[in-house]
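Close look at the chain arrangement
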Amino acid sequence: MNRLTDAQLDAALAECASEAIRIPGSIQPHGVLLTLSEPELIIQQISRNCAALLGQTAAALLQQPLTRLAGSAAAEQVRQALLSNDLEAANPLVLEIAAQRFNGSLNRYDGVIILELEPLLEAAPDNTASLLRALRRMQAASTLDDLYNVSVDEIRRLTGFDRVMIYRFQPAGHGQVISEALGGVLPGYLGQCFPASDIPPQARELYRLNWIRVIPDARYVPVPILPVLRPDTGQPLDLGFSVLRSVSPVHCQYLENMGVRASMSLSLLEGDQLWGLITCAHPEPLRVNHSVRTMCAAIAQLLSVQICALQIRDAQHQREQKLQLIDELSAAMRLEDGDVLEGLLNHPDSLLALTGASGVAVLIEDRLQLFGKCPTVEQVRALYLWVREQCLERSE
């Protein structure tokens, strides 16, 4: 296989970063999507796979009332749910359509109702006890590392994914794997960093707004939505909050390259900003039922809150420690009758702890003292001269 040149790679990354991922015009094939007008609940658009999953063609359903597809009982369930001020709390609706049971997810955005139907999986065991155990373990975690490890372990237990990782975004934009739970098939990436281009800005914004994304099989063939444009506006349908939204082909190829067939991502927020992701991967197709996804989302939300709380606690603890170290070093310098260097010589550990460094160089006039792992005396003096020149240039 020919390797891309730098210019070709830059062009490919730029194209990926500008991809209109919110309006793909298609969905994943494990469910059916339709849009409804209010208040009549007339079907405006529907995914082409409605014939295979619901037994009626798109041509027979478009511009027809929801009752034509779902029957009066299911249509009334949808109508009652739409009266709620919190559609998220109303989801999922268990709807019986064409002698089949579906999980129905509703969202209202940009003047249209989107109803997504996923065939109900076989009755799953009650995972309430597992969720409660996970929440107890998370609340009991005393350090951030403990909290991360409990979270990935519990989500792997709940879902059956082979690998679950916490991926934290760094200030420079790249991401680092800070925790993982492995099942033994997929490789681990603990501690490894990935470039910011792996998750372009528009994808990060979508993660910030829509906290969960599921891909049961990355080798799926996208199912188009009919008609392509909204009849009421003539614009593409925004699927930013869709459960079934078709994802970027680039991302599917990325998963293929990583040996992954199924994935799930959960957003971690700090305030209203994207802090990181919980990413789940499996080497074979894997569908996770709605109730388990909801439990995982609850774990992710609690993790977001706990991360903020523990970070605040740790930052306060570090401030207190540093203030104590400053007081100790100040007292030591005063006791040496004004000889600052002599006052520091007996407290090398405090100096290292204060700076969080493995080495410290103290230079006072022509006197230089090195503590811990440092460059040579000549290198330190040269570095000092360079830093002084930089400071002088900036002050001019």
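Summarised in this report is the structure supplied together with it. (Residues numbered from 1 in each chain as written. Predicted model: local features only at pLDDT ≥ 70, side-chain atom pairs only at ≥ 80, totals over all residues. Heavy atoms only, no water.)

**Some points on the sheet that holds strand β12 (residues 262-270)**
One open sheet accounts for six strands, arranged β9-β8-β7-β13-β12-β10; its pairing is antiparallel. Because the sheet does not close on itself, it has two edges, and the strands there are β9 (193-194) and β10 (212-215). Taken together, the six bridges between strand β7 (residues 163-169) and strand β13 (residues 273-282) define a ladder with antiparallel strand orientation. When the sheet's bridge partners are listed, Arg-163 is paired in β13 with Ala-281. Those strands touched by helix α7 (residues 144-159) are β7, β8 (175-182), β12 and β13, and its axis lies near 55° from that of β8. Of the strands in this sheet, β7, β10, β12 and β13 touch helix α10 (residues 290-335), which is tilted by about 35° from β12. (Pairing = 2+ DSSP bridges. Helix = DSSP H or I, 4+ residues; strand = E, 2+ residues; numbered from the N terminus. Contact = heavy atoms within 4.5 Å. Axes fitted to C-alpha atoms, helices over the stretch in contact; angles between N-to-C directions.)

**Some details on empty space enclosed by the protein**
Sizing a probe to match a water molecule and rolling it over the atoms shows the empty space that remains. Summed over all chains, the structure comprises one cavity of 30 Å³ or more. Approximately 40 Å³ is the volume attributed to the largest cavity. Around the largest cavity sit Asn-103, Glu-118, Pro-119, Leu-121, Arg-287, Asn-289, His-290 and Arg-293, which together line it. Every element with two or more residues in the lining of the largest cavity is listed here: β6 (112-119) and α10. When grouped by side-chain class, the residues that make up the lining of the largest cavity number two nonpolar, three polar and three charged. (1 Å grid on protein atoms, 1.4 Å probe; cavity = no way out; pocket = protein on both sides within 12 Å on 5 of 7 lines; lining within 4 Å. Points joined across faces, edges and corners; volume = space filled by probe spheres on them. Nonpolar A, V, L, I, M, F, W, Y, C, P; charged D, E, K, R; others polar.)

**Brief notes about the environment of Asp-232**
Here Asp-232 lies in the loop between β11 (223-226) and α9 (249-257). Considered as a pair, Asp-232 and Val-112 are 120 residues apart in the sequence and their alpha carbons are 9.3 Å apart. In this structure the side chain of Asp-232 is engaged in a polar contact, spanning 2.7 Å, whose partner is the side chain of Arg-230. (Polar contact = N/O pair within 3.5 Å; in protein donor to acceptor, adjacent residues only side chain to side chain.)

**Notes on the sheet that holds strand β4 (residues 93-97)**
Whenever strands of a sheet pair, they do so through backbone hydrogen bonds, lying parallel or antiparallel. Spatial ordering of the open sheet is given by β1-β11-β3-β2-β6-β5-β4, a layout of seven strands whose pairing is antiparallel. What marks the edges here is a single partner per strand, and that holds for β1 (26-27) and β4. Pairing geometry for strand β2 (residues 32-36) and β6, over five bridges, is antiparallel. From the neighbouring strand, Leu-34 faces β6, where its bridge partner is Leu-115. The sheet contacts of helix α4 (residues 66-82) involve β2, β3 (43-47), β4, β5 (100-109) and β6, and relative to β4 the element is tilted by about 165°.

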